[in-house]
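# Overview (structure and organization)
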Amino acid sequence: SDIVPPAIEKLEPALWPRIVLTQQVREEDMARVRTVYDKLKIAAELAPFFSDLPARLASTHLIVSRSGAGTVAELGTAPNTLTEITSATVQIVSSGNPLPALVDVALPVASVTDLERYEGMRVRLPQTMTVSEHFSLARYGELLLSVNGRLLQPTEVVDPNDDPASGNNSSGTSNVAAVSARANLNLRSSILLADTSATQNPAVIPFLDPANNTIRLGTTITNLTGILNHSFGNYAIHATEAPAFSYAPRPLSPPAVGGNLKVASFNVLNFFNGNGTGGGFPTTRGADTAYEFGRQKAKIVAALCGLGADVVGLLEMENDGNGTTSALTELTNALTATNGCGNWTYVPNPSGWGTIPGSTDEIRPALIYRTTAVTPVGASMSPNDAAFTQARAPVAQTFTVDGGASAGQKLSVIINHFKSKGGTGTGADADQGDGQGNWNAMRKGQATALLSFITTVQAAANDPDVIILGDLNAYSQEDPMDILRAGGLIDLAVGEHSYVFGGQSGSLDHAMVT
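All figures in this text were calculated on a predicted structure; none of them were measured in a lab.

Each value, and the rule that gives it
Residues numbered from 1 in each chain as written. Predicted model: local features only at pLDDT ≥ 70, side-chain atom pairs only at ≥ 80, totals over all residues. Heavy atoms only, no water. Core = buried A, V, L, I, M, F, W, Y, C linked by side-chain atoms within 4.5 Å. Buried < 20%, exposed > 50% of the residue type's maximum accessible area, 1.4 Å probe, protein only. Helix = DSSP H or I, 4+ residues; strand = E, 2+ residues; numbered from the N terminus. Contact = heavy atoms within 4.5 Å. Pairing = 2+ DSSP bridges. Axes fitted to C-alpha atoms, helices over the stretch in contact; angles between N-to-C directions. Phe/Tyr/Trp six-rings, centres within 6.5 Å; stacked < 30°, edge-to-face > 60°. Lys NZ or Arg CZ within 6 Å of the ring centre and 35° of its normal. Arc of directions from axis to C-beta.

If you look at the biggest cluster of nonpolar residues, it comprises 25 residues, and the most contacted ones within it are Leu143 and Ile191. Every element with two or more residues in this core is listed here: β7 (122–133), β8 (142–147), β9 (190–194), β10 (220–231) and β11 (234–239). Ranked by residue count, the leading element in this core is β7, at 4 residues. For Ile191, the contacting residues outside a window of four places in its chain are Leu107, Leu115, Leu125, Met129, Leu143, Leu144, Leu145, Leu228, Tyr235, Ala236 and Ile237. Formed by 23 residues, the second largest nonpolar core is a distinct cluster that contains Ala264, Phe266, Leu328 and Leu335.

Okay, structure coming up:
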């Protein structure tokens, strides 16, 4: 009432008598608005409310709806908001109308906030979208989809110090801007797919492959349609019809790697066996009950047997010694007792274990092996190095191969577990904003110490062949990996991804050889 009439008055006077106008006006403003339009000789129909606006669109040049009829606002507290119309008077003026046409939305968007304009609308994603994360599927009925394949951790493919990433510089910030740009691109390239339920932990988990009752990363979908919504700081497509996925198949067996001796690493996810005789639950880091531990053990034994490896480096094994009730003894006994799995035993704790840095944590690295495939040579070893005080000390063992073309040859295996990215570091160990997270300086020190330990192991074995395995808690282009490559180690698993965090895949776990 205060803005529109003066604005129309500024038009060319020759246009005034040609305008047909419909305007919502409050009763108290009606007279003064009518005076303006009568003066301009504009055909204007004024009323507090119109019930037939769809029909009037065909015969009116301009429709003005007053804001008092409803206020557009953001419901909630940023960033957890949803656009709503409050204080609105709603009247059904017609029904049975066709839905508005789908609006195509292409990713990546120029800015994540560009999606706000489509909130509440029927949209279609015409591109092929890939499942990059399913962490929240069972609880919230959500999948994270991305364009151009699975999302990768920025420092998996972008080196903070080198461009191109093939360099091995392990200090500096010359390429941090590219790391940040990759992180931003990941945000702009992804969107959630959500079911239409508000129930947590639904009885029926949506979107699963009916053939095997799961959904694997790498599954794709094209021409996804639904309603675009915003909640909890994220944009999501609420599927209005069952999505037609092209499900990624589950491999039936491990990939062929050749050779006649297989070496692997495996995270047993806090394998704690209570007191070793059926009691002692809940444990401090592992299973809460004997039943839960039984399920964990059965799955791990099946996976290790199916892996087909001859030597395995284990991570997150309970650090409770080598006695008859230890977790390590229980696992190797269970492997040996499984039909077709072979005879297994473990490498005993190195000398000084329990006193050297990194040997007193609740979890430990460990080595197990098939007794028919290899034979230990000499004692196991760990470095007495302060670099591992806040990590787990590496464990090394030299073996000779028992059969095949490599019979009699030596190989030293070192299993590692560097300091994690969790927690809050200080000083050089604080998050430097370069994509490498907390404690990077400490992991760099552990990488340097590992190179020194490799030299010690080679001297003791009188053989140069060493493979290092395990969780280095560093993605492929981060500083600790640069240090190891600069020290002469060769990465055996380039392009492989062992971990997903925040919807982004990468490798914190590595296998490297001298």
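Now that the structure is up, let's keep going.
So, about the pairing of β8. Burial runs high along β8: 5 of the 6 residues are buried. Pairing of β7 with β8, which is carried by 4 bridges, proceeds in the antiparallel orientation. Paired with Thr130 across the strands is Ser146, a residue of β8. Taken together, the 5 bridges between β8 and β9 define a ladder with antiparallel strand orientation. Bridge pairing in β9 links Leu145 to Ile191.

Moving on to the sheet that holds strand β19 (residues 466–471). Read from one edge of the open sheet, 6 strands run β16-β17-β18-β19-β23-β20, paired in mixed fashion. Each end of this open sheet is capped by a strand with a single partner; those strands are β16 (374–381) and β20 (490–491). Taken together, the 6 bridges between strand β18 (residues 410–417) and β19 define a ladder with parallel strand orientation. Its bridge partner being in β19, Asn416 is matched across the sheet by Gly470. Packed onto the sheet, helix α9 (residues 440–461) meets β16, β17 (392–401), β18 and β19 and runs at close to 155° relative to β18. Strand contacts of helix α10 (residues 479–486): β19, β20 and β23 (509–513), with the helix running at about 10° to β23, the strand carrying the most contacts.

This part takes up the pairing of strand β15 (residues 363–370). Here β15 lies mainly inside the structure; 8 of its 8 residues are buried. Neither face of β15 is left uncovered, since the one carrying Ile363, Pro365, Leu367 and Tyr369 and the one carrying Arg364, Ala366, Ile368 and Arg370 both have all their residues buried. Inspection of the sheet shows strand β13 (residues 311–318) paired to β15 by 6 bridges, in the antiparallel sense. Bridge pairing in β15 links Val312 to Ile368. Direction of pairing for strand β14 (residues 344–346) relative to β15: antiparallel, over a ladder of 3 bridges.

So, on to the packing of aromatic side chains. Going through the model one piece at a time under the given rule, you end up with 7 aromatic pairs. Consider the rings of Phe271 and Phe293, whose centres lie 5.0 Å apart with planes at 65°: the pair is edge-to-face. Residue Phe271 is located in strand β12 (residues 263–271), and its partner Phe293 is located in helix α7 (residues 290–307); the two are separated by 22 residues in the primary sequence. For the pair formed by Phe271 and Phe293, the shared burial category is buried. Note on Phe388 and Phe418: the rings are 6.4 Å apart at their centroids and 50° apart in plane angle, and the pair reads as tilted. Separated by 30 residues along the polypeptide, Phe388 in the loop between β16 and β17 and Phe418 in the loop between β18 and α9 bring together distant segments of the chain. By the burial criterion, Phe388 is buried, and Phe418 matches it. The rings of Phe207, Phe245 and Tyr247 are connected pair by pair, giving a single aromatic cluster. Sitting over the ring of Trp353, Arg364 keeps its end group 4.9 Å from the ring centre.

Quick look at helix α2 (residues 30–39) now. Burial in α2 covers these residues: Met30, Val33 and Tyr37. Projected down its long axis, α2 shows its buried positions confined to an angular sector of 75°, all on one face. Within α2, the exposed residues directed more than 90 degrees away from the buried face are Ala31, Thr35 and Lys39. Looking at the packing, one finds that the buried side of α2 touches α1 (4–9), β1 (20–24) and β2 (43–47). With its phi angle positive at about 60°, Lys41 sits one or two positions after the end of α2.

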